[in-house]
Amino acid sequence: MGSGLKEGVICTHKGGIMSKMEVKTSLLDNMIGVGDMVLLEPLTEDSFIDNLRKRFDHNEIYTYIGSVVISMNPYKHLSIYTADKVEEYRNRNFYELSPHIYALADMAYRSLRDQDKDQCILITGESGAGKTEASKLVMSYVAAVCGKGQEVNKVKEQLLQSNPVLEAFGNAKTVRNDNSSRFGKYMDIEFDFKGDPIGGVISNYLLEKSRVVKQPRGERNFHVFYQLLSGASEDTLKKLKLDRDFSKYNYLSLDSATVNGLDDAANFRTVRNAMQIVGFMEDEVLSVLELVAAVLKLGNIEFKPESRVNGFDESRVKDKNDLKEMCELLGIEQAVLERAFSFRTVEAKLEKVSTTLNVAQAYYARDALAKNLYSRLFSWLVNRINESIKAQTKTRKKVMGVLDIYGFEIFEDNSFEQFIINYCNEKLQQIFIELTLREEQEEYVREGIEWTNIEYFNNAIICDLIENNQNGILAMLDEECLRPGTVTDDTFLDKLNTICAEHQHFESRQSKNSKFLTDHSLPHNCFRIQHYAGKVLYRVEGFVDKNNDLLYRDLSQAMYKANHSLMKLLFPEGNPAKVNLKRPPTAGFQFRASVGTLMRNLQTKNPNYIRCIKPNDKKAAHIFTDSLVCHQARYLGLMENVRVRRAGYAFRQAYEPCLERYKMLCKQTWPHWKGPAREGVEVLLTDLQVAPEEYSYGRSKIFIRNPRTLFFLEEKRRQCLEDLATLIQKIYRGWKCRTHFLLLKKSQVVVAAWYRRYAQQKKYQKIKSATVVMQSFIRGWKARKILRELKYQKRCKEAVTTIAAYWHGTQARRELRRLKEEARNKHAVTVIWAAWLGTKARRELKRLKEEARRKHAVAVIWAYWLGLKVRREYRKFFRANAGRKIYEFTVQRIMQKYFLGLKNTMPSMSPIDKTWPVRPYQFLEGAHTELRRIFHLWRCKKYRGQFTAEKKAIYEEKLEASEIFKDKKALYPSSVSQPFKGDYLEINKNPKYQKLNSVVEEKILLADVVNKINRANGKGAPRIFVLTKNSFVLADQKTGQVKSSVPLPDVCSVSVSTQTDGFFALKLKEGTAAAAKGDFLLSSDHLIEIITKLHRTGVNHDQFNIDISDEFLVQFKQDKVCVKFIQAGPKNGSSAACKRKNNRLLEVCVPSP
């Protein structure tokens, strides 16, 4: 056992420089009780239990026995599993910190990563002791400390999410545990050379399938039944023909249907999400739920007796409704399954014999089918999870195994299940003792210390009693099951009494050993085995039937005929073409073989042990039941383990950390030892006068025989540390006071220097300011003197200029007055002449107006006279037709006004202009509507007449695109305004694509760059997509080399999503030459144009389908991969991204619009 050291820091200050002194702590510091049971003194069962209780009361649930971790279930949440705790235990020595499960997980992971040693972690304990939670903590710690990255995180998430799936189908509520694992699980986590997880493999052992048909009082069936009924949607339940009421199903116990603190509905959603993360497809999830529903329906099938003519009883189904619904779920004919429940066919070599089943046999067949259906479904789930989480690379892998298996079980009524569970624990105890002793012996040899044999109980004799191929209990049980004639549990017990009577670990009242004849604690139908953990009484009833695990061949063949996707995989023996008359292996034989494989696997790895203990049977916090804990400690062999560890030397530690921890106890080694660490330890122990027989020197470690010696060193160290702490405090206080004084002194000097500088600066500024003022006054006086002289000279010049200006102004004004006088004389003559001409013109105008008035008066009188004559002539005709004439005139005037108004308010010539003038009168409704229709048709004809043949073809393509994608794909509206160009790359003109142009001989309808999606990682590779009338071609973008050429008749359909992405899948007809490499998954910025041109071209050849859906299948060579489109938030980018979720799923994240 090594002891690590924790590094802390104490800061000192000397000369302004910080220095560090490392202070080491270990699990020996501030210890509650004893952190390692190897150091417990005295070592008795009472002191052992008392130490566990003392630590449990202080929430210290982990205790060591050397490198073994004892874990107590606290039945409450403790804040010791945070991210900070993970970092605290990361890359630390096992004994460096207080006991924790993280310390063991870190030691195992570092040994695997750094020393290339495969590891296994064995977790044992009885139901409710916290084995499942311990395995989760180990896996979560390894996931937290290993590498990061997208692929690594995906693998870690899948490994962690496999737990909820297996718990739902393999865990149940028992009287001891609300989430009890009813199967054994061994997971191999595979790592690469860097220590990053790359996959895993899960093995399951002995699912308690009898729980499917019957549960003890106070317990439930497996979680998945209650989760399905509580959490599934109404549509799902309707599809599965189920009802939420638990009481309607015979296989579900009602007294514990609901569990406090267990939300079945929320757990169902968690399981569905976990199955999606692990890699289950939606159809696979539905298939699994259909089988779960079928098991529930199967339990409701009841039988009634019916007498036949020959006197034999025959069973018939009472109510066939549940049978009908179950057959619909499985896709099986009702008559076939009904006959399988009523008849049994026994096949010999040359003949078949059909016998009827009575009611009891029919119920047995029903329950056997339910148990086999559920257990095989569970095995299929494990294999399906393995398929998803298996490592993709075939390089050499490092492996860490985690074994979470049922612990030793001693109930009031122990049967076949407890027998083989306890057999498995015997084997684990055997390998535990062997590996522990081997590890001790190897360390002693490695350190050069003499090894002394240790006396311990070897349980190989018990394992041989159970598994011996000749006289072992399992071998005799198999022999009894295969023996012809009447075989019962009593005949099996008789055989045990005959063969095992003299075995010292076997007890039976009916054996030849007379000492048990009067033992009334041993019933006649029971036998007792003295296991390493104590004596266990087994009731022999049911041993033969449970070992046979018989399912009638008629039921297997009926299940094989089902149309359900999983039934042929679950019942391969039902294939009529492969009838095997050989009896299937028994349950005991299969379990013994799987345990043997497990043991061989564990022996190839470095073991790490976690022993889980439940403190009480009430599942309550803060309660410690001594008798219960003592019972578990006995059958876990913890005291035996401590004695093995203490048989030689109780404590061992490397020289360097030992010297570092205890160097202050000797003046020669304190504060620093200059020589080798071993010599320093020798000097230290000699100075402390420790007896030589109490320790031994190994090659790299010091071995201490008695814990008292270690506690003596610890007590001396504690006293020395107190003295050192006082010294450090004294030095620190002196240093602090000196530092403060020096700081004050330095500050005073600095303040004085700054003040003197400030005073001189102020004096200088004052002198400088006075000098500047004097200079400014003198400069101002000189400037003003010069200014006065300049002003005088300027005034003299201005006076001369002013006099000359005045003289010139006088001369100009005189000339101006003379010119004005002349102008006034000329203007007067002009005005008089103009006035005379105006008078003359007005007189002439007046004469002409008078003459015109006279002529107009004559014309008016004449017109009135002619009108009077006409009115007199036609008055008689007018009076007869006046109303009709006025009406016709009015209508004619209104129509004239309507058409003139329509002419002025006519709408534009655009066909999309829907405006039309308002109808003025109601009687024009018909004409108004017909004119609007005629005008629109004429306008459209005029508009079409402007189209060229090329433009007409483009509009036809746009029309076809609308028929295909309108209201079906969200990308379509943004493509309406984009013209279809066709040849975007101008291949005929671009010399870069001359090689590709020479290969494509037909007319190119479309040429564009697309991305071809790789199924391995979801990334795209650019390709040139060329479409002609008869084929499409994919070529390399850089070189123009043709990669694929596919005739259009070979394309059967194309699939696109309903969202705004550009992904599309070209699906090829099966059997064609082009389909050998599989379908094409592409993405393009011109998706609408490509699909439209493909559809126009493809219709001419054959039937061409366009599938618009957010989830479709694509054939990649031999595998079908589901492409699923989901909407993501804006943070995921502006373009769709494709990611591979697993081997069968590609997920496309499309940004939300």
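Residues numbered from 1 in each chain as written. Predicted model: local features only at pLDDT ≥ 70, side-chain atom pairs only at ≥ 80, totals over all residues. Heavy atoms only, no water.

- For the chain, the name recorded in an unreviewed UniProt entry is Unconventional myosin-Ib, with Alosa alosa as its organism.
- UniProt, in its Sequence similarities (unreviewed entry) section for the chain, records the words "Belongs to the TRAFAC class myosin-kinesin ATPase superfamily. Myosin family."
- The Subcellular location (unreviewed entry) comment attached to the chain in UniProt states, word for word, "Cytoplasm, Cell cortex". (UniProt positions renumbered as here; feature names shortened; annotations may be inferred.)

**A short note on the side chain of Glu-957**
Next, step 1: Within the secondary structure layout, Glu-957 lies in helix H28 (residues 949–965).
Next, step 2: With relative accessibility at 12%, the residue Glu-957 sits in the buried group.
Next, step 3: Setting aside residues no more than four positions away along its own chain, Glu-957 makes contact with Phe-980, Thr-1092, Lys-1093 and Arg-1096. (Helix = DSSP H or I, 4+ residues; strand = E, 2+ residues; numbered from the N terminus. Buried < 20%, exposed > 50% of the residue type's maximum accessible area, 1.4 Å probe, protein only. Contact = heavy atoms within 4.5 Å.)

**Focus on the state of the cysteines**
Next, step 1: Tallied over the entire structure, the rule returns 0 disulfides.
Next, step 2: You can see Cys-666 has no disulfide; the closest cysteine sulfur is in Cys-720, sitting 10 Å from it.
Next, step 3: In this model Cys-1138 remains outside any disulfide bridge; the closest cysteine sulfur is found in Cys-1149, 8.8 Å from its own.
Next, step 4: In this structure Cys-1138 comes out as buried when scored by relative accessible area, which is 11%. (Disulfide = S-S within 2.5 Å.)

**A short note on the UniProt feature "binding site: ATP" (unreviewed entry) in the chain**
Next, step 1: As annotated by UniProt and renumbered to match this structure, "binding site: ATP" (unreviewed entry) occupies Gly-125, Glu-126, Ser-127, Gly-128, Ala-129, Gly-130, Lys-131 and Thr-132.
Next, step 2: In this structure, Ser-127 sits in the loop between strand S5 (119–124) and helix H4 (131–145).
Next, step 3: With residues up to four places along the chain from it excluded, the contact list for Ser-127 reads Thr-174, Arg-176, Asn-177, Ser-180, Arg-182 and Lys-614.
Next, step 4: Beyond its immediate chain neighbours, meaning those up to four positions away, Gly-130 contacts Asn-73 and Cys-612.

**Observations concerning helix H1 (residues 45–57)**
Next, step 1: Across its 13 residues, H1 extends 18 Å between first and last C-alpha, which sits within 8% of the 18 Å expected from 1.5 Å per residue.
Next, step 2: Of the residues making up H1, those classed as buried are Ser-47, Phe-48, Ile-49, Asn-51, Leu-52, Arg-55 and Phe-56. (Expected span 1.5 Å × (residues − 1).)

**A few points about the pattern of salt bridges**
Next, step 1: In this structure the tally under the stated criterion is 54 salt bridges.
Next, step 2: We note a salt bridge from Arg-55 to Glu-60, for which the minimum N-O separation is 3.6 Å.
Next, step 3: Using a relative accessible area of 25% as the deciding quantity, one classes Glu-60 as partly exposed.
Next, step 4: Residues Glu-417 and Lys-546 are paired through a salt bridge, measuring 3.2 Å at the closest nitrogen-oxygen approach. Within this pair, whereas Glu-417 is found in helix H13 (residues 416–447), its partner Lys-546 is found in helix H17 (residues 543–548), the two being separated by 129 residues in sequence.
Next, step 5: Residue Lys-546 is classed as partly exposed on the basis of its relative accessible area, which comes to 32%.
Next, step 6: When salt bridges with common partners are traced through the structure, they connect Arg-182, Glu-208, Arg-211 and Glu-219 into a single cluster. (Salt bridge = Lys/Arg side-chain N within 4 Å of Asp/Glu carboxyl O.)

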